[in-house]
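Spelled out from the first residue to the last, the chains are:
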Amino acid sequence: MLTYEQARRTVIDQVEKAKGPRATATLSVWDALGFVLAEEIKTDREYPPFNRSTRDGYAVRVSEIAAGATLRCIAEIKAGDTVTQPLAPRTCVQIMTGAAVPPGADAVVMIEHTNRDGESVRFDRAAQSGQNIVPRGSEAKRGEPILSPGMRLGYAELALAAQVGAAQLRCASKPRVAILSTGDEVVAIDQEPGPFQIRNSNSVSLAAQVRLAGGEPVLLGNAADNTDDLREKISRGLREDALVLSGGVSMGKYDLVETVLKELGAEFYFDAVAIRPGKPAVFGKCGNTFFFGLPGNPVSTMVTFELFAVPAIDLLGGAPPRDLPIVEAHLGATLNEKQGLTHFLPGRVEWRGAIPEVKALPWQGSGDIAALARANCFLVVAADRTRVDVGETVPILLRKDVI
Ligand code: AMP
Ligand code: MG
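About the thresholds
Residues numbered from 1 in each chain as written. Chains lettered and ligands numbered in written order. Predicted model: local features only at pLDDT ≥ 70, side-chain atom pairs only at ≥ 80, totals over all residues. Heavy atoms only, no water. Core = buried A, V, L, I, M, F, W, Y, C linked by side-chain atoms within 4.5 Å. Buried < 20%, exposed > 50% of the residue type's maximum accessible area, 1.4 Å probe, protein only. Helix = DSSP H or I, 4+ residues; strand = E, 2+ residues; numbered from the N terminus. Domains from an automatic or database assignment. Contact = heavy atoms within 4.5 Å. Salt bridge = Lys/Arg side-chain N within 4 Å of Asp/Glu carboxyl O. Pairing = 2+ DSSP bridges. Axes fitted to C-alpha atoms, helices over the stretch in contact; angles between N-to-C directions.

Draft legend 1. Main features of the nonpolar core. With 42 residues, the main nonpolar core has Phe292, Phe305, Leu307, Phe308 and Phe344 as its most contacted residues. If you list the elements that add at least two residues to this core, you get helix H1 (4-17), strand E13 (176-182), helix H3 (201-213), strand E17 (242-246), strand E18 (267-270), strand E21 (289-294), helix H6 (298-316) and strand E26 (377-381). At 12 residues, H6 tops the list of elements feeding residues into this core. Formed jointly, this core draws a minimum of three residues from each of two domains, domain 1 (4-22 + 173-316) and domain 4 (326-398). Setting aside residues no more than four positions away along its own chain, phenylalanine 305 makes contact with Leu206, Gln209, Val210, Val244, Leu294, Val310 and Ile313. Ala178, Leu238, Val260 and Leu261 belong to the second-largest nonpolar core, a separate cluster that totals 19 residues.

Below you can see the structure in the form of structure tokens.
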């Protein structure tokens, strides 16, 4: 059985192999959050476009400043002012943060290090050449590439595009990810479940996870546990870039997802991973569509999506696959687990000190959505560990949607 790292590698290798050109669309910078850029963006001018003061203070000539020196202040420069006049000898000008430093001045002295009496400014200490000035062109030259194809657009990337006047951005179209739940017991969330039925919460979590990963969810509802209904709905799902199924991949008599996919000509790259929850997870390709058959217990569905489906959506969307957000924390309470599978336990991490501390939350197993809703990470217990002691360093997989 593959480890989760090997299974992820398999997903990345297979999807990378199949990568082709993607459709693109032009979006306003206001609407492009989370999209993947499909063009190169270059600067329209130098940045900063002028020698910019980073402090409120006085623009000076360093050679005229020593502890106790005084200069006459002859003008004031605000951010946005046009500045062409050179600084006259034996004078200084008051300058604001973000304003242009006048020609001839080679430092800005913070207002806190000066004393003013009328026109006369007294300096507490010597100044160094270039202090508190960002030189013109030092952040970027004119025509320099600053955003490249494949970059995911977060708030800083969008601000950078806006700064250089790129108000419209050519982006890769989001991969369309069909979501199909399975199970005779599952009813739509707007229906009243019978005493032995459950609402289709998996389609809701999967749609949210698809969106967070940068995909476009395509909701196909639920298929009953019979081959006809599964065949029809799976075939519909195979028209999209990827298909994510929940349920029907375990060993039960009515777990028919793999049977139907096989009938439809699917190729399977794995059908089990050495993890708990989530062991029966399936990944393969049918026609041009990658599919993930995720076990139906809600926490299993969520964990396996994060581990295996997210990198596929990255690649299908034209971006490199993101690493798993795994960091280290100190274990807050001793844990005992069965050996043989890597465990992903709902955990709560807190940053009280320099090193975060994590505790596993009490839970009733992989059906316990409430436990995961109290968690902000998964505590990862390696397959060879039966006991992890309080104070040990353990890996945690962050829930980036809530942290
Ligand atoms: P399965 O993987 O099909 O054996 O499903 C395991 C269990 O997961 C089922 O018995 C349900 O309790 C639960 N389950 C399956 N599908 C869903 C769903 N769409 N939403 C919420 N829970 C589900
Ligand atoms: Mg089922």
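The rest of the description comes next.
Draft legend 2. Local environment of the pattern of salt bridges. Evaluation of the coordinates by the stated rule reveals 19 salt bridges. Counted as one network, the salt bridges with shared partners bring together Arg152, Asp314 and Arg322.

Draft legend 3. Layout of the sheet that holds strand E5 (residues 70-77). The sheet built from six strands is open, its strands ordered E7-E4-E6-E5-E9-E8 with mixed pairing. A single partner strand is all that each edge strand has here, and the edge strands are strand E7 (107-110) and strand E8 (114-117). Looking at each pair of strands side by side, their axes are set apart by 40° on average, direction ignored. Examined bridge by bridge, strand E4 (residues 57-60) and E7 share four bridges and lie antiparallel to one another. Within the sheet, the bridge partner assigned to alanine 59 lies in E7 and is valine 108.

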